[in-house]
Amino acid sequence: MKTLEQLTEAVGRGDREAVSSLIESAMMQEIGPKAILDALVAGMDDIGRRFKANEVFVPEVLIAARAMKTAMAKLEPILSEAGIRPAFTAVIGTVEGDLHDIGKNLVAMMWRGANFDVIDLGTNVSAQRFVVAAREHKASIIGLSALLTTTMPAMRQTVQTLREADLNGAKIVIGGAPITQSFADQIGADGFAPDAASAVDKVRQLVGAA
Ligand code: B1M
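Note that the structure is a prediction, hence the values are computed from the model and not measured.

Chemist: Outline the site of the ligand, listing residues and values.
Modeler: Close to the ligand lie 25 residues, the nearest being Leu99, His100, Asp101, Ser145 and Thr149. Here Asp101 contributes a side-chain N or O atom positioned 2.7 Å from a nitrogen atom of the ligand. Taking Thr149, its main chain carries an N or O atom lying 2.8 Å from an oxygen atom of the ligand. Counting residues per element, the ones that place at least two in the shell around the ligand are helix H5 (102-113), strand S3 (141-145) and strand S4 (171-175). The greatest single-element share of the shell around the ligand, amounting to 4 residues, is contributed by H5. Looking at the shell around the ligand residue by residue, the classes come out as 14 nonpolar, 8 polar and 3 charged.

Pasting the structure below:
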């Protein structure tokens, strides 16, 4: 099997050691950083597909995301030397009043795995903090997560505040256990995703990178 195919497979099974040594081997073979990055993203896409199909579950996704993180730490200096930067920035957070972050972290990891620059604002994030961060980082995507039915009104309020701010057409994506497409339509979000893998498809579609 060729090095890049092995790399894709190693990310998918979350094998950090193999990922590290395969990146080194690819570099020795003078394979460019963009091709290495594409192989890594393909591995995350694959785990995303298997997650959606219920073939793997949250722990496997977390392990793959950890391998991707190791890979990116190795690759980032080479990518920036070559002037290759993620084309899109996303700001993500859990809305005000809500402290749940496991699902939101998973979405952030998958977006990073899809080569988005992700600014994670954490939990209990006010509408105003989303506005400030989206402006500061020139975000193309703003992701809101909520796990409590009692924080759904804060999500509605945040979407309204973001709409009132001038954010250069940044798209708003929402998700979390009580969130549905119909709620997204009601509050005027641009997109909804039921899980972290679908959240990757959704942002790619919204920025026109599908
Ligand atoms: Co909380 N909690 N909790 N809790 N908690 C729930 C959500 C609850 C359903 C449990 C229950 O009663 N059965 C319930 C909510 C009921 C409701 O609203 N109707 C509940 C409650 C009531 C509470 C407290 C109020 C309890 C109390 O103190 N009385 C309190 C609230 C604190 C607060 O937020 N202000 C509370 C506290 C906590 C802990 C701190 C103990 C802990 C959170 C730890 C943490 O997140 N760091 C916790 C946990 C762990 C849960 C459960 C057990 C698990 C949630 C979870 O992490 N799931 C949960 C019950 C359950 O779901 N079984 C529960 C795994 C995660 C991967 O899934 O977050 O859904 P999820 O994310 C998915 C999708 O939703 C989607 O993708 C993810 C991956 O595929 N997704 C997005 C999520 N965000 C997205 C964003 C997107 C797109 C997709 O785009 C931007």
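Chemist: Lay out the pairing of S4 with the relevant residues and their values.
Modeler: Within S4, 4 of the 5 residues are buried, which leaves it mostly tucked inside the rest of the structure. For S3 and S4, the ladder comprises 5 bridges, and the chain directions are parallel. Bridge pairing in S4 places Ile142 opposite Ile172. Remark: the S3/helix H7 (residues 152-164)/S4 crossover connection has right-handed handedness. Where S4 meets strand S5 (residues 191-192), 2 bridges bridge the pair, whose relative direction is parallel.

Conventions used here
Residues numbered from 1 in each chain as written. Predicted model: local features only at pLDDT ≥ 70, side-chain atom pairs only at ≥ 80, totals over all residues. Heavy atoms only, no water. Near = heavy atom within 4 Å. Polar contact = N/O pair within 3.5 Å; in protein donor to acceptor, adjacent residues only side chain to side chain. Helix = DSSP H or I, 4+ residues; strand = E, 2+ residues; numbered from the N terminus. Nonpolar A, V, L, I, M, F, W, Y, C, P; charged D, E, K, R; others polar. Buried < 20%, exposed > 50% of the residue type's maximum accessible area, 1.4 Å probe, protein only. Pairing = 2+ DSSP bridges. Right-handed = clockwise from strand over helix to strand, strands pointing away.

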